[in-house]
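# Tertiary structure, described
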Amino acid sequence: MAAARIGDHDGPWNDIPSAANLSAERRLRVTVISPSAAAFSGAATSVVAPAHDGGLGILYGHGPMVVLLGEGLLRVRTEDGPRRFRVARGFLHVLDNTVSVLAEHVEPAEAE
């Protein structure tokens, strides 16, 4: 018997294409801001954020939510490659494929 693969059975993830195949209309709109500056605004295929109680991943089609941010690395995968930011305290809001990150402190992070 062959191993099961994603898409071989019914489930909520069957209609999510790989990031490489996302068309422009199936991308997230992402904004990352702090009180002192806007760090990023643009389209992305995914966001990984440091929530106060662990990591959080967001893809196209994610449900609405508001999350308290912790401190750590925020990763935004764009068409041009990954963007990384060190963030500290704040909120992350997701609604209608728009991700807004409002952090007390945001600074670009070196590639890791």
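Look up a bit, the structure's there.
This is a predicted model, so every value here is computed, not measured. (Residues numbered from 1 in each chain as written. Predicted model: local features only at pLDDT ≥ 70, side-chain atom pairs only at ≥ 80, totals over all residues. Heavy atoms only, no water.)

### Remarks on the packing of aromatic side chains
The cut-off we apply is this: Aromatic pairs are defined between Phe, Tyr and Trp rings, using the six-membered ring for Trp, whenever the two ring centres lie within 6.5 Å; interplanar angles under 30 degrees are classed as stacked, those over 60 as edge-to-face, and all others as tilted. Secondary structure elements follow DSSP: runs of H or I no shorter than four residues count as helices, runs of E no shorter than two count as strands, and numbering proceeds from the N terminus. Relative accessibility thresholds used throughout: buried, under 20% of the residue-type maximum; exposed, over 50%; partly exposed, between the two (1.4 Å probe, protein chains only).
Considering all chains together, one arrives at one aromatic pair under this definition. Residues Phe-40 and Phe-85 carry aromatic rings whose centres are separated by 6.3 Å and whose planes lie at 50 degrees to one another, so their mutual orientation is tilted. Pair noted here: Phe-40 is in strand β2 (residues 38-44) and Phe-85 is in strand β6 (residues 81-95), with a separation of 45 residues, a long-range link. The two residues Phe-40 and Phe-85 agree in class, both being buried.

### Focus: the sheet that holds β2
For clarity, the cut-off: A pair of strands counts as paired when DSSP detects no fewer than two bridges linking them. Axis definition: a line fit to C-alpha positions, over the contact stretch in the case of helices; interaxial angles, taken between N-to-C directions, run 0 to 180 degrees.
Here seven strands make up an open sheet; going across it, the order is β2-β1-β7-β6-β5-β3-β4 and the pairing mixed. Taken across any chain shown, the strands that pair with only one partner, and hence form the sheet edges, are β2 and β4 (54-59). Going from strand to strand, the sheet's axes swing by 30 degrees on average, the running direction of each strand aside. Of the strand pairs in this sheet, strand β1 (residues 28-33) and β2 are connected by six bridges, and their pairing is antiparallel. Along β2, the bridge assignment pairs Val-32 with Phe-40.

### A short note on the pattern of salt bridges
Going by this rule: One speaks of a salt bridge when a side-chain nitrogen belonging to Lys or Arg is within 4 Å of a carboxyl oxygen belonging to Asp or Glu.
Per the counting criterion, the structure on display carries three salt bridges. Among the ionic pairs, Arg-27 bridges to Glu-79, the shortest N-O distance being 3.3 Å. Here Glu-79 lies in the loop between β5 (65-78) and β6 and Arg-27 lies in the segment before β1, a separation of 52 residues in the sequence. Overall, the relative accessible area of 66% leaves Glu-79 in the exposed class.

### Remarks on the nonpolar core
A general feature of soluble globular proteins is that nonpolar side chains tend to end up buried together. Condition: Definition of nonpolar core: a set of buried residues of the types Ala, Val, Leu, Ile, Met, Phe, Trp, Tyr and Cys, connected through side-chain atoms within 4.5 Å. It only takes one pair of heavy atoms within 4.5 Å for two residues to be counted as in contact.
Val-30, Ile-58, Leu-74, Leu-92 and Val-99 are the most contacted members of the largest nonpolar core, which totals 22 residues. Mapped onto this core, the elements with two or more residues apiece are β1, β2, β3 (46-51), β4, β5, β6 and β7 (98-108). Apart from the residues within four sequence positions on either side, Val-99 is in contact with Leu-28, Arg-29, Val-30, Thr-31, Val-47, Ile-58, Leu-92, His-93 and Val-94.

### Comments concerning the environment of Val-67
The residue Val-67 is located in strand β5 in this model. Separated by 34 residues in the primary sequence, Val-67 and Val-101 place their C-alpha atoms 9.6 Å from one another. If we skip the residues at most four places from it in the chain, Val-67 touches Ala-51, Leu-56, Gly-90, Phe-91 and Leu-92.

### With respect to the environment of Phe-85
Accessibility expressed as a relative area gives 2% for Phe-85, which makes it buried. For the pair Phe-85 and Ala-109, spaced 24 residues apart in sequence, the C-alpha separation works out to 4.7 Å. With sequence-adjacent residues up to four places away left out, Phe-85 is seen in contact with Ala-39, Phe-40, Gly-72, Leu-73, Leu-74, Val-76, Val-106, Glu-107, Pro-108 and Ala-109.

These values are about where atoms sit, not about what they do.
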